[in-house]
Amino acid sequence: MAILASPMKGFYNMSKKKILTVIGARPQIIKAAALSRAIRSHYASTIEEVLVHTGQHYDENMSAVFFEELGIPLPDYNLAVGSGTHGHMTAAMLSGIEDILYKEQPAAVVIYGDTNSTIAAALAAAKIHIPVVHIEAGLRSFNKAMPEEINRISADHMSTLLFVPTKAGINNLTNEGFQLEQHLPASIDAPNVYHCGDIMYDNSLYYAKLSNEKSTIIEQLGLQPNAFILCTVHRDSNTDNPKALQGILEALQQLIVQTNLEVILPIHPRTKNKIESLLSADFQQKMAGQKKLRMIAPAGFLDMIALEQNAKMIITDSGGVQKEAYFFAKPCVILREQTEWIEVVAAGAAILTGPNKEKIISAATHLLGQKITTDPAIFGDGNAAAFICEKIISDL
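Residues numbered from 1 in each chain as written. Predicted model: local features only at pLDDT ≥ 70, side-chain atom pairs only at ≥ 80, totals over all residues. Heavy atoms only, no water.

**Overview of the pattern of salt bridges**
Link 1 in the chain: Under the defined criterion, the tally for this structure stands at 17 salt bridges.
Link 2 in the chain: One salt bridge connects E176 with R140, and the closest N-O pair in it is separated by 2.7 Å. Within this pair, whereas E176 is found in the loop between α6 (167–175) and β8 (192–195), its partner R140 is found in the loop between β6 (132–135) and α5 (147–156), the two being separated by 36 residues in sequence.
Link 3 in the chain: On the basis of relative accessible area, R140 is assigned to the buried category, the value being 3%.
Link 4 in the chain: A salt bridge links R270 to D236; the shortest N-O distance between them is 3.4 Å. In this pair, R270 is assigned in helix α11 (residues 269–278) and D236 in helix α9 (residues 236–239), connecting sequence segments 34 residues apart.
Link 5 in the chain: Residue classification places R270 among the partly exposed positions, given a relative accessible area of 29%.
Link 6 in the chain: Residue D236 is classed as partly exposed on the basis of its relative accessible area of 41%.
Link 7 in the chain: Salt bridges sharing partners connect three or more residues here, namely D114, E149, R152, R336 and E340. (Salt bridge = Lys/Arg side-chain N within 4 Å of Asp/Glu carboxyl O. Helix = DSSP H or I, 4+ residues; strand = E, 2+ residues; numbered from the N terminus. Buried < 20%, exposed > 50% of the residue type's maximum accessible area, 1.4 Å probe, protein only.)

As structure tokens, this is what we get:
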């Protein structure tokens, strides 16, 4: 596999701790922005970050644009893996990341969340005894039919530093046998576990202001605040099952009739392909006739923040969008049977429905009648990235 490296990397300062950050999917690019921003602003003299993009999301609109608009440095390496089966993608990433690790010799590898990029980087590093730093550790859906659940559990058990966004995550790790006592230095056999808050809360605070200044999507689409429903659908369990996919889309159409609200659906390319290949021509024609169901191109992160802030309700199967809905006090229908963000459901701000049409309509109708209040303390104080940098410096 070709490794696309930046032409000039600069002389490595041995007084710094070099970390290798591995990202591959759109949400990870966004999460990495917070840590990269903290390093550049406050830890440039003590931490050097080498950024590896696996190319798991390879579409220009789903990846490269985010580096530019979020102010993230371009990757030092891009493996350009692209799409494929889980085995094919993970194997290609594993091989490419291992080559980079031998070359760079970092003090640690930083991973995010639960994607194939996450598990590949964790395995590559752990096998050659490089400490793994897992951000968003401890999250569990308790559904091992989800590839993400396998990835996150495995990554946690290969990590040396585990940064946990919520108290529920701490409880999950405790139940799995992790000890909460701190060790210096930490190791894979004696990892340090920290409840640090959610790095995406850092980002939401930072980017909400930037979105208000720069995004024009509300005006471009001719939308009125609190007069539309925002929906995102991308998970395999919803897009690859014709009954599930049609059930979600039928629910959206019925909600338009019941509420007279528009539905804005930024459509993932893969979801668009599944609609066209799995659903009948008659159903697609019916959808096309519903003018208030507006499918738009994938939105950049600042535009998504603007859409979330101005929506009346959010319907999604995305873990990140669930949280952002809560950050912005928007009711949320979660198109999944389980969620790793149980705090949002417990607070009454979201309802789990899966792809069931009747449950989606019932949940949406109920939530539209509720006033959503939020407790930001659930997700930390907005300084998770700085906390993580401090612990990388002190614990490794």
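Now that the structure is up, let's keep going.
**Thoughts on helix α4 (residues 116–127)**
Link 1 in the chain: For α4, with twelve residues, the first-to-last C-alpha span of 17 Å sits near the 16 Å given by 1.5 Å per residue.
Link 2 in the chain: Burial within α4 is extensive, with ten of its twelve residues counted as buried.
Link 3 in the chain: Along α4, the positions that sit buried rather than exposed are N116, S117, T118, I119, A120, A121, A122, A124, A125 and A126.
Link 4 in the chain: Among the residues of α4, the N-terminal cap falls to T115, whose side-chain oxygen and the backbone nitrogen of S117 are separated by 3.2 Å. (Expected span 1.5 Å × (residues − 1). Polar contact = N/O pair within 3.5 Å; in protein donor to acceptor, adjacent residues only side chain to side chain.)

**Here's the deal with the packing of helix α1 (residues 26–42) against helix α7 (residues 199–214)**
Link 1 in the chain: One way to put it is that α1 packs onto α7 with a least axis distance of 9 Å and a crossing angle of 80°. Between α1 and α7, the interaxial angle falls into the category roughly perpendicular. Counted together, I30, K31, A33, A34, L35 and R37 of α1 and I199, M200, D202, N203, Y206 and Y207 of α7 form the full contact between these two elements.
Link 2 in the chain: Broken down by class, the residue content of the contact of α1 with α7 amounts to eight nonpolar, one polar and three charged. (Axes fitted to C-alpha atoms, helices over the stretch in contact; angles between N-to-C directions. Parallel < 35°, antiparallel > 145°, perpendicular 65-115°, else oblique. Contact = heavy atoms within 4.5 Å. Nonpolar A, V, L, I, M, F, W, Y, C, P; charged D, E, K, R; others polar.)

**Some words on the nonpolar core**
Link 1 in the chain: By size, the foremost hydrophobic cluster in this structure holds 68 residues, and its most contacted members are L35 and L307.
Link 2 in the chain: Ranked by residue count, the leading element in this core is α1, at eight residues.
Link 3 in the chain: Each residue touching L35, except ones within four places of it in the same chain, is listed here: I19, V110, Y112, I135, I199, A385, I388 and C389.
Link 4 in the chain: Ranked by size, the runner-up nonpolar core spans 28 residues in total, among them C231, L252, L255 and I360. (Core = buried A, V, L, I, M, F, W, Y, C linked by side-chain atoms within 4.5 Å.)

**Here we look at the state of the cysteines**
Link 1 in the chain: Counted according to the given criterion, the structure contains zero disulfides.
Link 2 in the chain: Between C231, a free cysteine, and C332, which holds the nearest cysteine sulfur, the sulfur-to-sulfur gap is 9.7 Å.
Link 3 in the chain: Lacking any disulfide linkage, C389 is separated from the closest cysteine sulfur, that of C196, by 11 Å. (Disulfide = S-S within 2.5 Å.)

**Quick word on the pairing of β6**
Link 1 in the chain: Burial along β6 is two-sided: V132 and H134 and V133 and I135, pointing in opposite directions, are all buried.
Link 2 in the chain: As paired strands, strand β5 (residues 108–112) and β6 are joined by four bridges and run parallel to one another. When the bridges of β6 are listed, V109 appears paired with V132.
Link 3 in the chain: Traced from β5 through α4 to β6, the parallel crossover comes out right-handed.
Link 4 in the chain: As paired strands, β6 and strand β7 (residues 161–164) are joined by three bridges and run parallel to one another. In the sheet register, H134 faces β7, and the bridge partner there is L162.
Link 5 in the chain: In this region the chain leaves β6, passes through α5 and returns to the parallel neighbour β7; the handedness of that crossover is right-handed. (Pairing = 2+ DSSP bridges. Right-handed = clockwise from strand over helix to strand, strands pointing away.)

**As for the packing of aromatic side chains**
Link 1 in the chain: The full count for this structure, using the stated rule, is nine aromatic pairs.
Link 2 in the chain: A ring pair is formed by Y194 and F387, whose centres lie 5.6 Å apart and whose planes are at 75°; its orientation type is edge-to-face. Here Y194, found in strand β8, pairs with F387, found in helix α17 (residues 384–395); they are 193 residues apart in sequence, far enough to count as distant.
Link 3 in the chain: For Y194, a relative accessible area of 9% corresponds to the buried category.
Link 4 in the chain: Residue classification places F387 among the partly exposed positions, given a relative accessible area of 29%.
Link 5 in the chain: Taking NZ or CZ as reference, R37 lies 3.9 Å from the ring centre of Y206, over its face. (Phe/Tyr/Trp six-rings, centres within 6.5 Å; stacked < 30°, edge-to-face > 60°. Lys NZ or Arg CZ within 6 Å of the ring centre and 35° of its normal.)

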